[in-house]
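Understanding the architecture of this molecule
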Amino acid sequence: MSGPADERSERLPAEQRRQRSAWRERVLARVGYLSAQLDRQECETGGDECRRLELIGGARRCLERATSAATEKHGWRKLWSGATALEGSWSNVRAADVLLLELVPAGSLPARAVDILAMSRLHLGKKDPRTLALAARVGSKDKPVGEADRSLLVHTLDAAYAALDAEYARVRSLRNILWAASACVLLGVVSLAVFGAVCPKSLSLCFSPVPSTTPGPSTVRMVVCPSGEYPWVPTKPIPGDYASRLDIVTVEVAGLAGAALTVIGSLRRIQGTSAPFMLPLAAAALKFPTGALSALIGLLLIRGAFVPGLSDLDSRAQVLAWGVAFGAAQHLVTRLVDERAQSTLKEVGRPPGGDASPEDTTGGTAPHANP
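Let us look at the structure shown here. The model shown is predicted, which means the values in this text are computed figures rather than measured ones.

Each value, and the rule that gives it
- Residues numbered from 1 in each chain as written.
- Predicted model: local features only at pLDDT ≥ 70, side-chain atom pairs only at ≥ 80, totals over all residues.
- Heavy atoms only, no water.
- Disulfide = S-S within 2.5 Å.
- Helix = DSSP H or I, 4+ residues; strand = E, 2+ residues; numbered from the N terminus.
- Buried < 20%, exposed > 50% of the residue type's maximum accessible area, 1.4 Å probe, protein only.
- Phe/Tyr/Trp six-rings, centres within 6.5 Å; stacked < 30°, edge-to-face > 60°.
- Pairing = 2+ DSSP bridges.
- Core = buried A, V, L, I, M, F, W, Y, C linked by side-chain atoms within 4.5 Å.
- Contact = heavy atoms within 4.5 Å.
- Polar contact = N/O pair within 3.5 Å; in protein donor to acceptor, adjacent residues only side chain to side chain.
- Expected span 1.5 Å × (residues − 1).
- Patch = residues over 30% accessible without salt bridge, like charges linked within 9 Å, V, L, I, M, F, W, Y side chains within 5 Å.
- Areas by Shrake-Rupley, 256 points an atom, 1.4 Å probe, with all protein chains shown as cover.
- Salt bridge = Lys/Arg side-chain N within 4 Å of Asp/Glu carboxyl O.
- Axes fitted to C-alpha atoms, helices over the stretch in contact; angles between N-to-C directions.
- Parallel < 35°, antiparallel > 145°, perpendicular 65-115°, else oblique.
- Nonpolar A, V, L, I, M, F, W, Y, C, P; charged D, E, K, R; others polar.

So, on to the state of the cysteines. This model, assessed by the stated rule, comprises one disulfide. Note on cysteine connectivity: C206 is disulfide-linked to C225, with sulfurs 2.0 Å apart. Sign of the S-S torsion, about 110° for the bond between C206 and C225, identifies this disulfide as right-handed. On the criterion of sequence distance, the pair formed by C206 in the loop between α7 (150-198) and β1 (222-225) and C225 in strand β1 is long-range, its members being 19 residues apart. Among the residues examined, C206 registers a relative accessible area of 0% and is labelled buried.

This is how it looks when you write it as structure tokens:
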């Protein structure tokens, strides 16, 4: 039974209903703020009325597109359409903000100039010509920022937003590469498991250790496989004859367990970030199929006597233990991916060349600059 609150929710416009994603809420909040600013500008008079109305109309169209991108349900495409919606929303919000800067009264320009200067230093660099020119105007004591500087403010804000978009594009690109790599490795792991189930003798991981005691009537020679241990019989002299369909899957599961340990260990180094696209999650997801693959390859190397002193394993427990160890060893390779992901995230909010200093970023980025 629906109550009054549900009825009020149904009467609300789509863009005012609560969204499930935090970034959608931030987009809609920013759209509401800019819409209120445009409403105020519509009430103003004076100047070139035709140009003012064109700017207001363009800004409203940008806000409508941002709202549409933030509230679209996407249906069955929602799993991979979030990045497109996010960038579509914020790019239109930023475009509307730039257009609104063309309309604000001259008395509001000094306050906006300080904000834009901080953004320019953060995303363009303190050596950028636009940053230098704006810093000279903001720091001038003879003549405050006024109408004559509006064009400089608009172009600087637009360039800072473009640089911010490029920074997020690099994060998104690396995220896509990591997810594609995870899918390819996972496909290889599943293919090997299927091949091992169809032709278990082709990728045999069974060992036939020589008994350490002196052979006697009571001595039973065993064949050790990942999925079980079997007594050796003369009619099956080759260890591969004892291979099971579950051997490859068992080793890959052990490798997954080892990879999970490294993922848990790497959580202590993960830091929160305002950048979208969940890049740390994509880097962590790559570890699981890589751990399963490294466990299988490691045991195949032992089976081929590639590792001195480990040509034969004595028990099934040893086989699984080495599978876990090789699964955890994938961190030797994937840690390079972790470092690259962290460095890419750190580049968000840094100007080209990394010449930002603490005094450049005092006060942080403007609220509307970060998705």
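Going through the model one piece at a time under the given rule, you end up with two aromatic pairs. Note on Y230 and Y242: the rings are 6.4 Å apart at their centroids and 25° apart in plane angle, and the pair reads as stacked. With Y230 in strand β2 (residues 228-231) and Y242 in the loop between β2 and α8 (247-266), this pair connects stretches of sequence that are twelve residues apart. Classification of Y230 as partly exposed rests on a relative accessible area of 28%. Relative to F326, the ring of W322 has its centre 5.7 Å away and its plane inclined at 35°; by these criteria the two rings are tilted. Taken together, the residues span about one helical turn, with W322 and F326 both in helix α10 (residues 316-329) at a distance of four residues. Taking the relative accessible area as the measure of exposure, W322 reaches 30% and is therefore partly exposed.

Here is the key point about a regular strand: its side chains alternate between the two faces of the sheet. In terms of strand pairing, β1 meets β2 through four bridges, oriented antiparallel. The residue bridging V223 from the neighbouring strand is Y230, located in β2. Where β1 hands over to β2, the hairpin turn is made up of two residues, counted between the paired strands.

Glancing now at the nonpolar core. Membership of the largest hydrophobic core comes to 46 residues, with the highest contact counts inside it found for V93, L101, L153, L157, L178 and L279. Secondary structure elements with two or more residues in this core: α2 (22-43), α3 (49-71), α4 (78-101), α5 (109-123), α7, α9 (279-303) and α11 (331-346). For this core, the element with the most residues is α7, which contributes ten residues. Apart from the residues lying within four places of it in its own chain, the contact partners of L178 are L279, A282, A283, L286 and V337. If you look at the next biggest cluster of nonpolar residues, it comprises 13 residues, including V251, L299, I302 and F326.

What follows covers the side chain of K287. The topology assignment puts K287 in helix α9. Judged by relative accessible area, K287 falls into the buried class, the value being 1%. Looking at K287, its side chain comes within polar contact range of the side chain of D338, at 2.8 Å. In this structure K287 touches A259, T262, V263, S266, Q330, H331, T334, R335 and D338, once residues within four positions along its chain are discounted.

In a regular helix each residue adds 1.5 Å, so 15 residues correspond to 21 Å; α5 covers 20 Å between its end C-alpha atoms and thus fits that length. Among the residues making up α5, those that are buried are L109, R112, A113, I116, L117, A118, M119, S120, L122 and H123.

Below, the discussion takes up a nonpolar patch on the surface. Side chains of L186, V190, V194 and V198 sit close together on the surface and give an oily, nonpolar patch of about 350 Å² of accessible area. Note on placement: V198 falls in helix α7.

Viewed as axis vectors pointing N to C, α9 and α11 meet at an angle of 170°, and their least axial separation amounts to 10 Å. As the angle between them shows, α9 and α11 are arranged roughly antiparallel. Mapping the contact onto sequence places L279, P280, A283, L286, K287 and T290 in α9 and H331, T334, R335, V337, D338, A341, T344 and L345 in α11. Of the residues assigned to the contact of α9 with α11, the class counts are seven nonpolar, four polar and three charged.

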